[in-house]
Amino acid sequence: MPTPRLPLRLILLAALALGAALLLGLLVATLNSLLEFYQRLAEMPLWLRLPLLVVAAAAFGGLAWLLWRLARPAARTALTAPMPVSRGEVDLRLATLRERRADTAALEAELAELDRRRAGGELHVALFGEISTGKSSLIRALAPDAAPAVDVRGGTTQRVAQYRGTLPDGRELVLADVPGSGEVDGALHAQIARDEALRAHAVVYLTAADLTRAQDAELNWLAGFGKPLVLALNKADLYDETERAALLQRFAQRYAKRTRAIVALSAGGRERYERTLADGRRERVERERAPEIDALLEALGQVTAPGAAGLESAREAAVLAEVGRRSDELARATAARESAETVAKYTRRAVVGALAAVAPGSDILIQGALGTALVRELARIHSVAVRELDVEALLSRVGLTVRNTTAIVLAIAGNALKAFPGLGTLGGGVLHAIAYGLVFDSLGRALAATLAERAELDAADIEARVRALLAEPARERVERVARLALEAARSGGRDADAR
Ligand SMILES: Nc1nc2c(ncn2[C@@H]2O[C@H](COP(=O)(O)OP(=O)(O)OP(=O)(O)O)[C@@H](O)[C@H]2O)c(=O)[nH]1
Ligand SMILES: [Mg+2]
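Owing to the predicted nature of the structure, the values given are computational and were not obtained by experimental measurement.

1. A word on the domain arrangement of the chain
Right, on to step 1. By the assigned domains, the chain splits into domain 1 (124–275 + 282–303) and domain 2 (332–490).
Right, on to step 2. Here the C-alpha centroids of domain 1 and domain 2 sit 57 Å apart.

2. Some details on the packing of helix α3 (residues 87–99) against helix α4 (residues 105–120)
Right, on to step 1. Their axes nearest at 11 Å, the elements α3 and α4 cross at an angle of 150°. Judged by the inter-axis angle, α3 sits roughly antiparallel to α4. For the pair α3 and α4, the crossing hand works out as left-handed. In this structure, α3 uses Arg-87, Val-90, Asp-91, Leu-94 and Arg-98 to contact α4, whose residues at the interface are Leu-107, Glu-108, Leu-111, Leu-114, Asp-115 and Arg-118.
Right, on to step 2. Its residues placed into classes, the contact of α3 with α4 shows five nonpolar, no polar and six charged.

3. Digging into the site of ligand 1
Right, on to step 1. Close to ligand 1 lie 25 residues; Lys-135, Ser-137, Gly-155, Thr-157 and Asp-237 are nearest.
Right, on to step 2. Between an oxygen atom of ligand 1 and a side-chain N or O atom of Ser-136, the distance comes to 2.9 Å.
Right, on to step 3. Between an oxygen atom of ligand 1 and a main-chain N or O atom of Thr-156, the distance comes to 2.9 Å.
Right, on to step 4. Bound to the protein, ligand 1 loses 92% of the 650 Å² it would expose on its own.
Right, on to step 5. Residue composition of the shell around ligand 1, by class: five nonpolar, 14 polar and six charged.

4. Thoughts on the coordination of the magnesium ion (ligand 2)
Right, on to step 1. In this structure, Ser-136 (OG) and Thr-157 (OG1) serve as the protein donors to the magnesium ion (ligand 2), at separations of 2.0 to 2.1 Å. Taken together, the residues span a long stretch of sequence, with Ser-136 in helix α5 (residues 135–142) and Thr-157 in the loop between α5 and β2 (161–166) at a distance of 21 residues.
Right, on to step 2. Residue classification places Ser-136 among the buried positions, given a relative accessible area of 8%.
Right, on to step 3. The class of Thr-157 is buried, set by a relative accessible area of 15%.

5. Notes on the sheet that holds strand β6 (residues 261–264)
The strands that make up a sheet are held in pairs by hydrogen bonds between backbone atoms, and each pair lies either parallel or antiparallel.
Right, on to step 1. Pairing in this open sheet of six strands is mixed, and the strands run β2-β3-β1-β4-β5-β6 from one edge to the other. Either end of the sheet is taken by a strand with one partner, and the two such strands are β2 and β6. Sheet twist, expressed as the average angle between the axes of neighbouring strands with direction ignored, equals 25°.
Right, on to step 2. One ladder, built from five bridges, connects strand β4 (residues 202–207) with strand β5 (residues 229–233); its direction is parallel. Bridging across to β5, Tyr-205 finds its partner in Leu-231.
Right, on to step 3. The sheet contacts of α5 involve β1 (124–129), β2, β3 (172–177) and β4, and relative to β3 the element is tilted by about 160°.
Right, on to step 4. Of the strands in this sheet, β1, β4 and β5 are in contact with helix α7 (residues 213–223), which crosses β4 at around 170°.

6. Focus: the pattern of salt bridges
If charged atoms from side chains of opposite charge come close, those side chains can pair.
Right, on to step 1. This structure, assessed with the given rule, holds 48 salt bridges.
Right, on to step 2. Note that Glu-312 is salt-bridged to Arg-315, the shortest N-O span being 3.1 Å. Linking Glu-312 with Arg-315, this pair stays in helix α10 (residues 307–356), spanning three residues, or about one helical turn. The burial state of Glu-312 is the same as that of Arg-315; both residues are buried.
Right, on to step 3. With a closest N to O distance of 2.8 Å, Arg-325 and Glu-329 form a salt bridge. Of the two residues, Arg-325 and Glu-329 are both situated in helix α10; the distance of four residues between them amounts to about one turn of the helix.
Right, on to step 4. Given a relative accessible area of 33%, Arg-325 falls into the partly exposed group.
Right, on to step 5. Ionic contacts of the salt-bridge type, sharing partners, join the residues Arg-87, Asp-91, Asp-115, Arg-118, Glu-312, Arg-315 and Glu-316 into one network.

7. Regarding unusual backbone geometry
Right, on to step 1. A positive phi angle, close to 60°, is found at Ser-132, a residue other than glycine.
Right, on to step 2. With respect to the helices and strands, Ser-132 occurs in the loop between β1 and α5.
Right, on to step 3. Of note in the backbone geometry, Lys-235 takes a positive phi value of approximately 60° without being a glycine.
Right, on to step 4. Along the chain, the position of Lys-235 falls in the loop between β5 and α8 (241–255).

8. Considering the packing of α3 against α10
Right, on to step 1. Interhelical geometry of α3 versus α10 gives an angle of 25° and a closest axis separation of 10 Å. By the angle between their axes, α3 is roughly parallel relative to α10. The interaxial crossing formed by α3 with α10 has left-handed handedness. Residues Arg-87, Val-90, Arg-93, Leu-94 and Leu-97 of α3 lie in contact with α10, whose contacting residues are Glu-316, Leu-320, Val-323, Gly-324, Ser-327, Asp-328, Leu-330, Ala-331 and Thr-334.
Right, on to step 2. For the contact of α3 with α10, the per-class residue count stands at seven nonpolar, three polar and four charged.

9. Some thoughts on the pairing of β4
Right, on to step 1. Extensive coverage of β4 is indicated by the burial of six of its six residues.
Right, on to step 2. Burial along β4 is two-sided: the face carrying Ala-202, Val-204 and Leu-206 and the face carrying Val-203, Tyr-205 and Thr-207 are both buried.
Right, on to step 3. Where β1 meets β4, five bridges bridge the pair, whose relative direction is parallel. Looking at β4, one finds that Val-125 is bridged to Ala-202.
Right, on to step 4. Once the chain exits β4 it traverses α7 before rejoining the sheet at β5, and the crossover so formed is right-handed.

10. Focus: the packing of aromatic side chains
Right, on to step 1. Counting across every chain of the model gives three aromatic pairs.
Right, on to step 2. When the centroid spacing of 5.2 Å and the interplanar angle of 85° are considered together, the rings of Trp-221 and Phe-225 count as edge-to-face.
Right, on to step 3. Between Arg-194 and the ring centre of Trp-221, over which it is positioned, the NZ or CZ distance is 5.8 Å.
Right, on to step 4. Looking at Arg-349, its charged tip hangs above the ring of Tyr-346, at a distance of 5.1 Å from the centre.

What counts, and at which threshold
Residues numbered from 1 in each chain as written. Chains lettered and ligands numbered in written order. Predicted model: local features only at pLDDT ≥ 70, side-chain atom pairs only at ≥ 80, totals over all residues. Heavy atoms only, no water. Domains from an automatic or database assignment. Axes fitted to C-alpha atoms, helices over the stretch in contact; angles between N-to-C directions. Helix = DSSP H or I, 4+ residues; strand = E, 2+ residues; numbered from the N terminus. Parallel < 35°, antiparallel > 145°, perpendicular 65-115°, else oblique. Left-handed = near helix turned anticlockwise from the far one by under 90°. Contact = heavy atoms within 4.5 Å. Nonpolar A, V, L, I, M, F, W, Y, C, P; charged D, E, K, R; others polar. Near = heavy atom within 4 Å. Polar contact = N/O pair within 3.5 Å; in protein donor to acceptor, adjacent residues only side chain to side chain. Areas by Shrake-Rupley, 256 points an atom, 1.4 Å probe, with all protein chains shown as cover. Donors = N, O, S within 2.8 Å, 3.2 Å for Na, K, Ca; no water. Buried < 20%, exposed > 50% of the residue type's maximum accessible area, 1.4 Å probe, protein only. Pairing = 2+ DSSP bridges. Salt bridge = Lys/Arg side-chain N within 4 Å of Asp/Glu carboxyl O. Right-handed = clockwise from strand over helix to strand, strands pointing away. Phe/Tyr/Trp six-rings, centres within 6.5 Å; stacked < 30°, edge-to-face > 60°. Lys NZ or Arg CZ within 6 Å of the ring centre and 35° of its normal.

Okay, structure coming up:
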């Protein structure tokens, strides 16, 4: 139904015109002052003019710099920095989530693995990086008994596997080979790899070339956890001496502060060459390349020197930060589920209540106990404290909105009747019941969205959302509410909370 928009447009136009006029006036006044300033400056002796000019230029420069600092876009990274969180806090969050019937199994398994590794006392090192950078090849070089699959095609390693390797000083390491990141359609593999990187005491970040923006973001994300990190340029055999030095110098410039060591290595691969036989014929030969990993072994020896116990607290902090982040995510999903259940419950009650009332008025219902209870329950789900006064103010505000839109809502409810032949014969009360149901459904959805996004009872935001939801309710919503009204009318309003 068209709404009268002309007056609003006129007001907007008038406000715009006024704003433009004010701006123009300000501009002219500023220009005028500048000209006056210039005139006075020109009349001054040189010894006074020069310092004044310098001060003005400095002030102008400072202002421009300040504006740039305030206005420039923030640097964006795909992976956000971790929030430190204690074990007690994580346990508490999981206990609350369990009470709210959320599936916490994966997070509990992560904590169990954290405890298992601490008790085991072994040193865990994860090899991490994009696909085909040579992680599995490096496992073969570090743990000669291991034979993980190696392939030119990316995405060869699909799950985490652990191998035992020995450092030159005799200490044993548990080495994790993980799926590569950056795989096409490999979001799940990337997550598996990141989780394992967080579980390790130290991480080797492998690359076979200069880092891309995605690799840079990934390396920074890892570095943010404060665990020992080695940046390793693999496939060094592909570069000559000058190229290798140039790459290592670039890495040093960019990553020296965020990594413990930067090394070049050759994990393996195949080498092809031609050799001359005794009879003078030439032959093409292909063989496995002998790994060159001395620099990496030395770096690993250094970064793991504190031992598993010495590196445990940083490892634990990294795992807890990730479990904390995921528990937040789970809490949001749980709140969304509970909100949807609550909104459905109150919509059903509103429909039944409307059918039972002789001559219900929409705002009476909204401001009544049902509306208050809906607001309170949704606020509790989103852990937002609300005052009695605010709830009342919100409900009367929305009540007015609803009164203004009642004609629209009733028309929508009337349309809904067409989808259910036979419903019309049940009388005008059903029409009102559908309208009330839609009002509650819209109010509930608006409340849930505002509380989830803003964590406060922002009345203006809620009202705007209610208005939008009532103006164009989706067909599926209208039919669901109409079906509710139909069932309630047939059962005589007895099953308010039957489902
Ligand atoms: N030239 C050269 N090639 C290498 C080197 N290390 C590995 N390769 C080759 O790089 C390709 C990928 O090696 P993988 O070890 O499978 O790489 P990955 O990082 O485990 O790959 P995903 O499991 O797919 O993530 C293979 O063809 C290897 O032979 C090296 O040091 N030099
Ligand atoms: Mg692999």
